[in-house]
Each structure stands twice: as C-alpha cells, then as structure tokens.
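# Structural characterization, general
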Amino acid sequence: AQSVTQPDIHITVSEGASLELRCNYSYGATPYLFWYVQSPGQGLQLLLKYFSGDTLVQGIKGFEAEFKRSQSSFNLRKPSVHWSDAAEYFCAVGAGQAGTALIFGKGTTLSVSS
Amino acid sequence: EAGVTQSPTHLIKTRGQQATLRCSPISGHTSVYWYQQALGLGLQFLLWYDEGEERNRGNFPPRFSGRQFPNYSSELNVNALELEDSALYLCASSSQTDTQYFGPGTRLTVL
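Now for a look at the structure at hand.

Thresholds applied
Residues numbered from 1 in each chain as written. Chains lettered and ligands numbered in written order. Predicted model: local features only at pLDDT ≥ 70, side-chain atom pairs only at ≥ 80, totals over all residues. Heavy atoms only, no water. Salt bridge = Lys/Arg side-chain N within 4 Å of Asp/Glu carboxyl O. Helix = DSSP H or I, 4+ residues; strand = E, 2+ residues; numbered from the N terminus. Buried < 20%, exposed > 50% of the residue type's maximum accessible area, 1.4 Å probe, protein only. Contact = heavy atoms within 4.5 Å. Buried area = accessible area lost by both parts, 1.4 Å probe. Core = buried A, V, L, I, M, F, W, Y, C linked by side-chain atoms within 4.5 Å. Pairing = 2+ DSSP bridges. Axes fitted to C-alpha atoms, helices over the stretch in contact; angles between N-to-C directions.

### Describing the pattern of salt bridges
All told, the structure shown has nine salt bridges over all chains when counted by the stated rule. Across the pair B:Glu75 and B:Arg22 runs a salt bridge, and its minimum N-O distance is 3.7 Å. Note that B:Glu75 is positioned in strand E8 (residues 74–78) and B:Arg22 in strand E3 (residues 19–24), a separation of 53 residues in sequence. Of the residues examined, B:Arg22 reaches a relative accessible area of 42% and is grouped as partly exposed. Across the salt bridge formed by B:Arg57 and B:Glu54, the nearest N and O atoms sit 3.5 Å from each other. A cluster of three or more residues bridged by salt bridges with shared partners is formed by A:Glu64, A:Glu66 and A:Arg77.

### Observations concerning the interface of chain A and chain B
At the interface, 23 residues of chain A touch 24 residues of chain B. Here chain A meets chain B over a buried area of about 1600 Å², counting both sides, of which 56% is carbon and sulfur. For the chain A face of the interface with chain B, the top three residues by lost area are A:Leu44, A:Ala98 and A:Gly99, together amounting to 28%. In this structure, the connection of chain A to chain B is made through zero salt bridges.

### A closer look at the nonpolar core
All names here are of chain A. Counting 26 residues, the largest nonpolar core has Leu19, Trp35, Leu47, Leu48, Phe74, Leu76 and Tyr89 as its most contacted members. Those elements that provide at least two residues to this core are strand E2 (10–14), strand E3 (19–21), strand E5 (32–38), strand E6 (44–50), strand E8 (64–68), strand E9 (73–78) and strand E10 (87–94). Ranked by the residues each element gives to this core, the list is headed by E10, at four residues. Once residues lying within four places of it in the same chain are set aside, the contact partners of Phe74 are Cys23, Leu33, Phe34, Trp35, Leu48, Tyr50, Val57, Ala65, Glu66, Phe67 and Cys91.

### Some remarks on the sheet that holds E3(B)
Residue and element names in this part refer to chain B. Spatially, E1-E3-E8-E7 is the arrangement adopted by the four strands of the open sheet, whose pairing is antiparallel. Of all strands in the sheet, those with a lone pairing partner are strand E1 (5–7) and strand E7 (64–68), marking the two edges. Ignoring strand direction, the axes of neighbouring strands in this sheet form an average angle of 20 degrees.

Laid out in structure tokens, this is it:
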C-alpha cells in the first residue's frame, strides 16, 4: 500500500536549535517527494521537492531534506529554527507526473520555544 | 506571479444544502486538484481536472463533483451536505510536472 508516515505528531524545539522532522514512505513506483508547510488557517506552501539527482535538496526558508532510498526516508532539516517556523509540516509522495494524487502524511506540528 | 486563489474564504451551510467552492489556478497551469483536510483525517485527494475534463477522483461519493472552465478555473460542488463534510478544502494547480501549488483554502462549516 502507498503511504507516508510522519512518526512525530508534535515536536517542540528551542529557538536557534536544529530541527529534524522524519518522513518515511511506501510507494510502488519511483517516488517524487515533497515537503509542505501550513500555518494555522492557511493553505500549503511548498518548501522543497525531490525528483532525482542529488539526494540532498535545498528549499526555501533555510530548509533542506535528504532522500535515502535504502531507508525509504525523506527527512527535513534546518540548522537553526526561528520562531516563525512554528507551523504544521507535511511530507507527501507522488508519481512525478501531472494528475498524480499526492499522498500526504498526517503532519508534524512544530512549536518553537524561546 | 499570482498564486492559486480560492473563494470564498469561509462558507457556512446547513445539512442538506449545496456548497460551491471556486478556484483559480496559477497562470499557465492546466491541471486543478481538490483536496479535503478534515480534522483527524488528514489531507485526502478529491478530484483532478485537466483541460476541462475530470481525470481522476478519490474515494468520495458522487455528491462531490465539479467542473473546470475554459480558463482553467474550477468549481467544486458538494451536494446534500453532511456534518462530516466540514473541513478545509484546498485547491492546487500544476503544469506538466507533478509539483502542485496550493491555494489558501475554503473553510466549509456544515451546521
């Protein structure tokens, strides 16, 4: 079955500390992977995506993610978290062509403490 | 470049009524997707429209329907509203790649 698992429902990180959000996927075809962020009451903003090539991808707002095929993982990282990063983060997988329904994880809520 | 826009922002209906939600894709995008984000259920794929045709639908009953207009904007219609239809409805658009860009959503509340 195709699925995305985000094991951490809620994470609290101190401002300035590093962050890693976990994502594991199960997908029958070559996976195309995405991270989106959602602020309260808002839509989804694309942070970064992986289609092929270099397994370490850079995104907006200082985020990066590493694709590890052997572990079926696509973890999101940021070296220094800012208070404005507090939001809900979603990992998603698709098939890499128009019309593919994205399969989303349940999301990880990030809180940032001062 | 303008992003995906959705209207209305909020919509309140009573059980049994019909709701119409609207979406305008990013200029140049021909595909429009609808997703439902209901509390406790996460983000679920509803419908995909491309070049004016419904191309794929998720596991939702037929009372969820829609259309895509010649300018690629789209409407989602939900008939015979039920309480569990209360959710944030997100529209996304894409070009020929799989990268979907999302709008701000319409919050539908069914009383």
